[in-house]
Amino acid sequence: MEWLAVIPRPRRALRAGLALIPILLAAATVHAEDADWPRRFDSASGTFIIYQPQPEALNGDVLSERAAFSLQRPGDAEPTFGVLWFNETIQIDRDSSRVEARDLDVTRVRLPGITPAEASRYEKRVEAEAVGWDLSGSLEELRAGLASADRERASVADLETAPPRILFSTERAILLAYDGAPAFEPIAGSRLERVANTPYAVVHDPAGRAYYLNGANLWYTARDPLGPWGPTARVPADVRAAVPPDTAAADRVDGPPPRVITATEPAELIATDGPPAYAPLVAGDLLYVTNTESDVVREVGTQALYVLLAGRWYRATSTDGPWTFVRGDRLPPSFARIPPGSAKAHLLASVAGTDAADDAVADAEVPQTGAIRRNEAGFRVVYDGPPRFEPIEGTRMEYAVNTDADVVLADGRYYACDQGVWYIADDPEGPWRVSETRPTDVDEIPPTCPVYDVRYVYIYDWTPEVVYVGYLPGYIGCYPYYGTVVYGTGCHYHAWRGRNFYPRPCTWGYAPHYNPWASGWSFGASYQTGFLHVGFRWHSDPARPSHDPPRWFGPGGYRRPALTADLAMLRNRRPSPAPLRPADRAPINLYRRAANLARVDRTATPMPARPIAQTTTGPAAVPNNVFAGRDGNVYRRDDAGWRIHQGRSWLPAPAASRPSPTPPTSSGGTGRGWPASRMPAREAPPGDGMAGVRPRMPSPPHPAPVIGSAPGNLEREFRGRNRARGGPPPPSEPKPPKEPKTEKEHPGRNH
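Residues numbered from 1 in each chain as written. Predicted model: local features only at pLDDT ≥ 70, side-chain atom pairs only at ≥ 80, totals over all residues. Heavy atoms only, no water.

## A closer look at empty space enclosed by the protein
Leftover empty space is mapped by rolling, across the atoms, a probe with the size of a water molecule.
Okay, so step 1: For the structure on display, the rule yields 16 cavities of 30 Å³ or more.
Okay, so step 2: Roughly 150 Å³ of internal volume is contained in the second largest cavity.
Okay, so step 3: For the second largest cavity, the lining is made up of 19 residues, of which Asp 453, Gly 477, Tyr 479, Gly 488 and Pro 505 are closest to its centre.
Okay, so step 4: Here the residues of the lining of the second largest cavity sort into 12 nonpolar, six polar and one charged. (1 Å grid on protein atoms, 1.4 Å probe; cavity = no way out; pocket = protein on both sides within 12 Å on 5 of 7 lines; lining within 4 Å. Points joined across faces, edges and corners; volume = space filled by probe spheres on them. Nonpolar A, V, L, I, M, F, W, Y, C, P; charged D, E, K, R; others polar.)

Put into structure tokens, the structure is as follows:
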């Protein structure tokens, strides 16, 4: 069989070259009305049918994909099938769930029995047909497509997995967490003080020698900030006036006020409303506690308790501990059988190898992008005294310790990262301007450093007017870890205590929960009340709206949990195209937040205008079950299983190349291989960075993909495609899961 391989041509030639690709612009996404796959159109050369693209990787803002297609020439009894590979640059908005694309770069195409001249003619015809197509798409199917891609999953190295202090209470309770011994600061214009090193609203009345804690409709008082705390209705008027009111119905507490438990070290509280009440989760194997907002599971066979904290599993024989960390890819096989429709379905996102976990890891690889005005000059940094810097271990860089901003000294210049934007200055006090470069060694910052999150903010491109930027969920604390996602680095950072108190992001103390239907984390207080919400609003500094304090919750800020009446995670039922909005209704996209709108050029777009016109393209009346294998062959899945296209026939796929139906678990590579930018490294320009700046650079050409010896896990891709469209799981015969290896014990403290 003769195959034509086209391996990459100059980019200008590509525009008139393999024009088959524009139909794939929003690959693996749900498009507008003409979006159904496969797509078909007729031409003088024959009938083209393009099957749904299959993402292979997302590197920065560049998406690599492949797709199967067929061409039936006039007079031919059967079509000819081929495979093509391409890259495209994408823009993503998580609030609108929209994906757009540009800068298509074809890297390889295979089609048997045609000459280069025929290929060029066919390509031009497809390009003319695709000009008027609506190519917008959604984030949901992009995520599912990436989740199904057959490749090694990244796993962030050196995260801390030692357990915090795990506290249990058999009555409704909240954890009042302090970062060390309580520290006080005056409340401006008042005789009162507030406790600075907690995100809760704790007021000290020196005259009355009393402390007050507020949470929505509840007030507590104590003689010592460490307690004991008791509810009260007698609150001085000036104390009430010092705390911002919160009348949100979701934050109000009905019934007895919860008990207040204090901690000055990293801790998490698991509170039940009475003695633990168990219900079946996986018949005969797993039970779960129903009367708590926490995630507590008991394995019936061993009677071991498992708790999920910040995406990390811990196991013990009793609530007294000691607690041992268990990786998400080493859980008992029964965890993967948690019913998707159950009240604890969200736990599947923390069980490696499940669809929910694959989607969560894929989402952690998808950046949020934006266009930042180069003339935006509103950013400034405030230090508590003269700027002070300390070395970043393992690098040649230093970071500022006496400010709540992320400021790095590198390469003889000062860089600051704020709300997903890089700034640069020649002096630590500024003036600051939007940067078009990142520090050279930024990807070497270890998780033990408080400014670790800036590793996940990137610069992709620029024009004389704007800089195109983006950040991964790692910037707001979500990291892939052995086939699942976890919150926070697990490291305890030392806050700055001087005239002011500047906290650092915390992993423990605020009950981080991952909601797979919202693709984000929320924080609570063991029982859903307004305690954290009130404190968060109170600690926010209206004089500095460019920041999003307090920093306990990282750059993403605090998000209230979205729970149903049975304490289950609120879901966004597919196939709804709109993402689930958090309980506080704040934008998910940092660039869309009110304080940041002045920075963002909402009209700037690197996407060329594309008129929507009538075309002859329409959905093909054939099943969307044809796939491009990584080996360059074309495969079809039907009721009889997988078949490979050979000659003019579909034959059973050979055993050696038949796709495996069993999703692989993560091998746990590091995240250092994630490219930060498509732009070549270079020195930052002198002066203000604007002199001699040229229009946006074209994307550098990408190497041709290597055709593998195996098709890849097409069964997994087939199931992901079906799942992304909201359909039921297709029938399959997965291999029985292997028994987990015994992980290295990581004992915690005995509580």
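Having seen the structure, we can now continue with the description.
## Focus on the nonpolar core
Okay, so step 1: If you look at the biggest cluster of nonpolar residues, it comprises 101 residues, and the most contacted ones within it are Tyr 200, Leu 213, Trp 229, Trp 432, Ile 445 and Tyr 510.
Okay, so step 2: Excluding residues within four positions of it along the chain, Trp 229 makes contact with Leu 176, Tyr 178, Val 202, Tyr 211, Tyr 212, Leu 213, Tyr 220, Thr 221, Ala 222, Asp 224, Val 260 and Thr 262.
Okay, so step 3: Judged by nonpolar contacts, the second largest core, of 17 residues, contains Ala 279, Val 326, Leu 347 and Val 351. (Core = buried A, V, L, I, M, F, W, Y, C linked by side-chain atoms within 4.5 Å. Buried < 20%, exposed > 50% of the residue type's maximum accessible area, 1.4 Å probe, protein only. Contact = heavy atoms within 4.5 Å.)

## So, the sheet that holds strand S41 (residues 626-628)
Okay, so step 1: Taken in spatial order, the four strands line up as S41-S42-S43-S44 in an open sheet, and their pairing is antiparallel. If you trace the sheet from one side to the other, it starts and ends with S41 and strand S44 (649-652), each paired once. Across the sheet, the axes of successive neighbouring strands diverge by a mean angle of 35 degrees, strand direction being ignored.
Okay, so step 2: Bridge count for S41 against strand S42 (residues 634-638) is three bridges, and the pairing is antiparallel. Bridging from a neighbouring strand, Phe 627 pairs with Tyr 635 of S42.
Okay, so step 3: Along the sheet, helix H7 (residues 714-724) contacts S41, S42 and strand S43 (641-646); its crossing angle with S41, the most-contacted strand, is approximately 125 degrees. (Pairing = 2+ DSSP bridges. Helix = DSSP H or I, 4+ residues; strand = E, 2+ residues; numbered from the N terminus. Axes fitted to C-alpha atoms, helices over the stretch in contact; angles between N-to-C directions.)

## Side note on the pairing of strand S30 (residues 421-425)
Okay, so step 1: The element S30 is largely enclosed, with a buried count of five among its five residues.
Okay, so step 2: Side-chain alternation along S30 places Val 421, Tyr 423 and Ala 425 on one buried face and Trp 422 and Ile 424 on a second face that is also buried.
Okay, so step 3: Bridge count between strand S29 (residues 413-418) and S30: five bridges; the pairing is antiparallel. Across the sheet, the residue bridging to Tyr 414 is Ala 425, located in S30.
Okay, so step 4: Between S29 and S30, which follow one another and run antiparallel, lie two residues, and Gln 419 among them has a positive phi close to 50 degrees.
Okay, so step 5: When S30 meets strand S31 (residues 433-434), the two strands line up antiparallel, connected through two bridges. Note that in S31 the partner of Ile 424 across the bridge is Arg 433.

Keep in mind that these numbers describe shape and distance, not what the molecule does.
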